[in-house]
Amino acid sequence: MKLLKIHKDDNVAVAIETVLKGEKFILENIETEAIDSIPAGHKIALVDIKENENVIKYGFPIGHATENIEKGKHVHTHNVKTNLGKLLSYTYEPNYEELTPTEEEFFMGYKRENGKVGIRNEVWIVPTVGCVNSIVREMEKNAQKYLNGKIDGIFSYTHPYGCSQLGADQELTLKYLSGLIRHPNAAAVLVVGLGCENGNIGELKKYLGEYDENRVKFLVCQEYEDELKAADEILENLVNYASKYQREKCPVSELIIGLKCGGSDGFSGITANPLVGKFSDMLISKGGSTILTEVPEMFGAETILMNRCRTEKEFDKTVKLINNFKEYFMRYGEKTDENPSPGNKAGGITTLEDKSLGCTQKGGKAIVEDVLSYGDPVKKKGLSLLQAPGNDLVASNALLASGAHMVLFTTGRGTPFGCPVPTVKIASNPNLANKKHSWIDFSAGKLLEGETMENLSREFFDFVKAIASGEKKAKCELLDKHDLAIFKDGVTL
């Protein structure tokens, strides 16, 4: 099969393999001849599409034709334009079903004193301000001598923020750092400040709230003659504290999993994103939680999520989530449809609606239980929506700040990056999985090779449990997991 029609109402199909000009196909008893060569992942018109008529994929408009498109023609950025642009008004029209509860399953995790569960047992060094980045990297380096086989690593996470920020912009940094410090994958944390920064330790504690004084320690560099020596003593004690934890049997209902895509292609919405959506539904059916973010990549598919909100309260919060992010774009004089990226387009994604309708499939069919502001922790079991941009590093870190133990990252182009929690790369196509096996953890491209969603989703669920249990590591953990980025929205002094 070289062409795939995703939804019965679609007027385009996706090329599973490169289609050559002149090739003929029969879909639903109708013959189509390719007038153009169609690259894999790109779209072909199944009927004549008139100028200004909507192009339909996934059963929804992904834009409109900018010219008459003849049946068999290549349908892409040269003849399609987005329908997006303005702020919209929405009406709550609930359209969801409860997921059927499924049998309880377990993984091996670390139970913390506050009732949370971690999937890694690490010691983290967190700077309040970029001025001490070189210092905390040296602290990390010096502390490696304390590794004893009972912890999974000692890591510092540097960033360029924490000072010369104002108002809400500084608040974003402090909320993120608080989420990082609270994260249960960190058995113990050393917070390092300079002493004169806006976002100093005193300000940070206002956002951090209650904390275990045995687990979290603070150090202000300007107060010590030798901050490295002082940190070394603290880190030795923190490693000893962290070493008491051992993996125990934990229900998967304790897991919080972040859902992310990056470097998407024309297969992302057909293979990898639906596979992650199936995983999300499976986990939620067992009492677990998932977080869907990348708000700009909801534009054009937002009504699907809005109508899956459990109550009108969550619906109103989702409307605000969407329109506030559009206003954020407009505030800086940017268009709300400045997406997809060049790589997305090369892979066959034409408009933001095209991307969004594929992107949101990572959330499966579950009911939207809550909507979170940036840096807010998950409060309800099930599916939550989170305020964050589409940028890979910023969005992945936002997921961890809200409590995600792991990020499931689908991709059609490939990326090696990893944030402080395991960042699992799922390839949308077999070519990527084979070519970049040092980056890719799992191939959803098997769905293009005849594997069933039922079988592959079960295999993938077990794979994620193995990573959560420490039986496997994400490829990024074997490369580097220091990539930290914080959402910025404001003036730098």
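Residues numbered from 1 in each chain as written. Predicted model: local features only at pLDDT ≥ 70, side-chain atom pairs only at ≥ 80, totals over all residues. Heavy atoms only, no water.

### Section: the overall build of the protein
Point 1. Along the backbone of the protein there are 13 helices and 23 strands.
Point 2. The globule rule puts the C-alpha radius of gyration for 493 residues at 23 Å, and the 24 Å found for the protein is close to it.
Point 3. Counting only C-alpha atoms and orienting by the principal axes, one finds that the protein spans roughly 75 × 45 × 40 Å.
Point 4. Across the 493 residues of the protein, 58% fall into the buried class.
Point 5. Look at the contacts in the protein between residues 6 or more apart in sequence, and 72% of them connect residues 24 or more apart.
Point 6. As displayed, the protein offers around 20,200 Å² of accessible surface, 48% of which is attributable to carbon and sulfur atoms.
Point 7. Distance from the positive charge centre (60 side chains) to the negative charge centre (69 side chains) of the protein: 1 Å. (Helix = DSSP H or I, 4+ residues; strand = E, 2+ residues; numbered from the N terminus. Rg over C-alpha atoms; globule rule 2.2 N^0.38 Å. Buried < 20%, exposed > 50% of the residue type's maximum accessible area, 1.4 Å probe, protein only. Contact = heavy atoms within 4.5 Å. Areas by Shrake-Rupley, 256 points an atom, 1.4 Å probe, with all protein chains shown as cover. Lys, Arg positive; Asp, Glu negative; His and termini not counted. Charge placed at Lys NZ, Arg CZ, Asp CG, Glu CD.)

### A look at helix α3 (residues 201-208)
Given 3.6 residues to a turn, an α-helix orients residues that are three or four positions apart in the same direction.
Point 1. Three or more residues of α3 are buried, namely Ile-201, Leu-204 and Leu-208. Seen from one end, α3 has its buried residues packed into an arc of 55 degrees, which puts them on one side.
Point 2. Buried residues along α3 sit against α2 (167-182), β14 (186-193) and β15 (216-220).
Point 3. N-capping of α3 is provided by Asn-200, with a side-chain oxygen placed 3.0 Å from the backbone N of Gly-202.
Point 4. Of the residues flanking the end of α3, it is Gly-209, one or two places downstream, whose phi is positive at about 75 degrees. (Arc of directions from axis to C-beta. Polar contact = N/O pair within 3.5 Å; in protein donor to acceptor, adjacent residues only side chain to side chain.)

### Topic: the packing of α2 against α3
Point 1. Relative orientation of the contacting elements α2 and α3 amounts to 70 degrees, with a least axis distance of 9 Å. Put simply, α2 runs roughly perpendicular to α3. Along this stretch, α2 crosses α3, giving a crossing that reads as right-handed. The segment α2 lies against α3, with Glu-171, Leu-174, Lys-175, Leu-177, Ser-178, Ile-181 and Arg-182 engaging Glu-203, Leu-204, Tyr-207 and Leu-208.
Point 2. Looking at the contact of α2 with α3 residue by residue, the class counts come to six nonpolar, one polar and four charged. (Axes fitted to C-alpha atoms, helices over the stretch in contact; angles between N-to-C directions. Parallel < 35°, antiparallel > 145°, perpendicular 65-115°, else oblique. Left-handed = near helix turned anticlockwise from the far one by under 90°. Nonpolar A, V, L, I, M, F, W, Y, C, P; charged D, E, K, R; others polar.)

### A few points about the sheet that holds strand β5 (residues 43-45)
Point 1. Spatially, four strands are ordered β1-β2-β5-β8 in an open sheet, and the strand pairing comes out antiparallel. The sheet is open, and its two borders are formed by β1 (3-4) and β8 (74-75), each paired with just one other strand.
Point 2. The pairing of β1 with strand β2 (residues 12-15) spans two bridges and is classified as antiparallel. Paired with Leu-3 across the two strands is Ala-15, which belongs to β2. (Pairing = 2+ DSSP bridges.)

### Regarding the packing of α2 against helix α10 (residues 392-401)
Between two packed helices, both the angle of their axes relative to each other and the distance between the axes serve to describe the pair.
Point 1. Taken N-terminus to C-terminus, the directions of α2 and α10 make an angle of 55 degrees; their axes are 8 Å apart at the nearest point. Put simply, α2 runs oblique to α10. Between α2 and α10, the contacting residues are Tyr-176, Gly-179 and Leu-180 on the first element and Asn-397, Leu-400 and Ala-401 on the second.
Point 2. Within the contact of α2 with α10, the residues separate by chemical class into four nonpolar, two polar and no charged.

### A word on the sheet that holds β15
Point 1. Pairing is parallel in the open sheet, where four strands are placed in the order β13-β12-β14-β15. Edge positions in the sheet fall to β13 (153-156) and β15, since each of these pairs with one other strand and no more. Here the strands of the sheet are splayed against their neighbours by 15 degrees on average, with no regard to which way each runs.
Point 2. The pairing of strand β12 (residues 122-127) with β13 spans four bridges and is classified as parallel. Bridging across to β13, Ile-125 finds its partner in Ser-156.
Point 3. Docked against the sheet, α2 engages β12, β14 and β15, running at close to 160 degrees with respect to β12.
Point 4. Strands in contact with α3 are β14 and β15; relative to β15, the strand with the most contacts, it is inclined by about 160 degrees.

### Some remarks on the nonpolar core
Point 1. Tyr-176, Met-406, Leu-408, Ile-426 and Phe-460 are the most contacted members of the largest nonpolar core, which totals 95 residues.
Point 2. In this structure Tyr-176 touches Tyr-374, Asn-397, Leu-400, Ala-401, Leu-484, Ala-485 and Ile-486, once residues within four positions along its chain are discounted.
Point 3. Ranked by size, the runner-up nonpolar core spans 27 residues in total, among them Val-123, Met-139, Leu-190 and Tyr-245. (Core = buried A, V, L, I, M, F, W, Y, C linked by side-chain atoms within 4.5 Å.)

### Details of unusual backbone geometry
Residues other than glycine predominantly adopt negative phi, and peptide bonds predominantly adopt the trans conformation.
Point 1. With phi around 65 degrees, Asn-29 is a residue other than glycine that occupies positive phi space.
Point 2. Structurally, the position occupied by Asn-29 is in the loop between β3 (24-27) and β4 (30-33).
Point 3. Notably, Glu-294 is not glycine yet its phi reads approximately 65 degrees, a positive angle.
Point 4. Owing to a relative accessible area of 0%, Glu-294 belongs among the buried residues under this scheme.

### As for the side chain of Asn-323
Point 1. By secondary structure assignment, the location of Asn-323 is in helix α7 (residues 312-331).
Point 2. Note on Asn-323: relative accessible area 13%, which makes it buried.
Point 3. If we skip the residues at most four places from it in the chain, Asn-323 touches Leu-87, Leu-88 and Tyr-90.

### As for the environment of Tyr-332
Point 1. As for its placement among the helices and strands, Tyr-332 is situated in the loop between α7 and α8 (342-346).
Point 2. Separated by 157 residues in the primary sequence, Tyr-332 and Asp-489 place their C-alpha atoms 9.9 Å from one another.
Point 3. Residues contacting Tyr-332, with those up to four places away along its chain left out, are Asp-489 and Gly-490.
Point 4. For Tyr-332, the side chain forms a polar contact with the side chain of Asp-489, separated by 2.7 Å.

Purely geometric numbers; function is a separate question.
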